[in-house]
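# Survey of secondary and tertiary structure
Below are the chains, spelled out letter by letter.
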Amino acid sequence: MSDSKPILLHKHTRKEFRTRFATGELKACIIPIAAIEQHLEHLEMEHDWRSATHIASQVAQRLSPNVLVAEGVMAGISEHHMSHPGTLTLSPATFLAVLTDLIDSVVRAGFKNVLVLNGHGGNIIPCEAVWDQLLRRFQVNLQFLPYWNVLNREDAELLETKSIPGHAQEFETAFAMAVFPENVREHELSNQPDPAPALAKPEAGQELINRVVDRVSAHLEEMINGKSVVATPPFFP
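Residues numbered from 1 in each chain as written. Predicted model: local features only at pLDDT ≥ 70, side-chain atom pairs only at ≥ 80, totals over all residues. Heavy atoms only, no water.

Right, let's talk about the pairing of strand β1 (residues 28-33) for a bit. Among the six residues of β1, six are classified as buried, and the element is accordingly described as predominantly covered. In β1, alternate side chains face the same way, and those of Ala28, Ile30 and Pro32 on one face and Cys29, Ile31 and Ile33 on the other are all buried. Assessed by its sense of winding, the connection that carries the chain from β1 through helix α2 (residues 47-62) to strand β2 (residues 67-69) is right-handed. Relative to strand β3 (residues 113-118), β1 runs parallel, the two sharing five bridges. In the strand pairing of β3, Cys29 is matched with Val114. (Buried < 20%, exposed > 50% of the residue type's maximum accessible area, 1.4 Å probe, protein only. Helix = DSSP H or I, 4+ residues; strand = E, 2+ residues; numbered from the N terminus. Right-handed = clockwise from strand over helix to strand, strands pointing away. Pairing = 2+ DSSP bridges.)

As structure tokens, this is what we get:
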């Protein structure tokens, strides 16, 4: 490994991973989850996945060498988008089974702090419904966070629509413009019924991304330092 240590788990050899864990420097793991689905006429379908992994990677870089990102599944729960061909969806049962196995893998690797960083609204209710069961099973500091949850009404003032997150609207379009502009079809922005995407500006997107990275980094640092710990729910007596 070079002096700049990888932040992605899959960029390690088994020896490199084993060595880093043995030194005690690896303190937390981020599992990004999202979706591959239609994002109106102007955004590539990878938007949710790419945005979640971008935030996860920026946070891991900020907290290097203590954090790794474990990318495992790109698709999410997107049945409500399936009227648009090209969308990929997993059933809730399949998605939760895969996510559970990914959590199991990193817990068995030794991580005691695991942050599941979500980038797709359709994943929220299914995850929240089973989270207490996952906490009982794994008994580690396992937390679930949609990345936009760290933003507030004051942050939304940066946008013309004052709306966060919104599906493929101003917020997500501004996000893409700021960090992966090649995913935005500029000629389609105004050529669709929804006028909100055309209001997006990369400067607002970058500022919001900066705030998200700052706050998610602070949250994960508190997990590592023991200031943000979720307790294992009680078992039936």
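Relative to the 33 Å expected for 23 residues at 1.5 Å per residue, helix α7 (residues 202-224) spans 32 Å between its end C-alpha atoms, a close match to the ideal helical length. Following α7 by one or two positions, Gly226 has its phi on the positive side, about 80°. (Expected span 1.5 Å × (residues − 1).)

This brings us to the side chain of Asp48. Assignment of secondary structure puts Asp48 in helix α2. For the buried Asp48, no salt bridge exists, and the shortest N-O distance to an oppositely charged side chain is 12 Å, to Arg50. For Asp48, the residues in contact, after removing those within four places along its chain, are Ala34, Ala35, Glu37, His39, Gly119, His120 and Glu172. (Lys, Arg positive; Asp, Glu negative; His and termini not counted. Salt bridge = Lys/Arg side-chain N within 4 Å of Asp/Glu carboxyl O. Contact = heavy atoms within 4.5 Å.)

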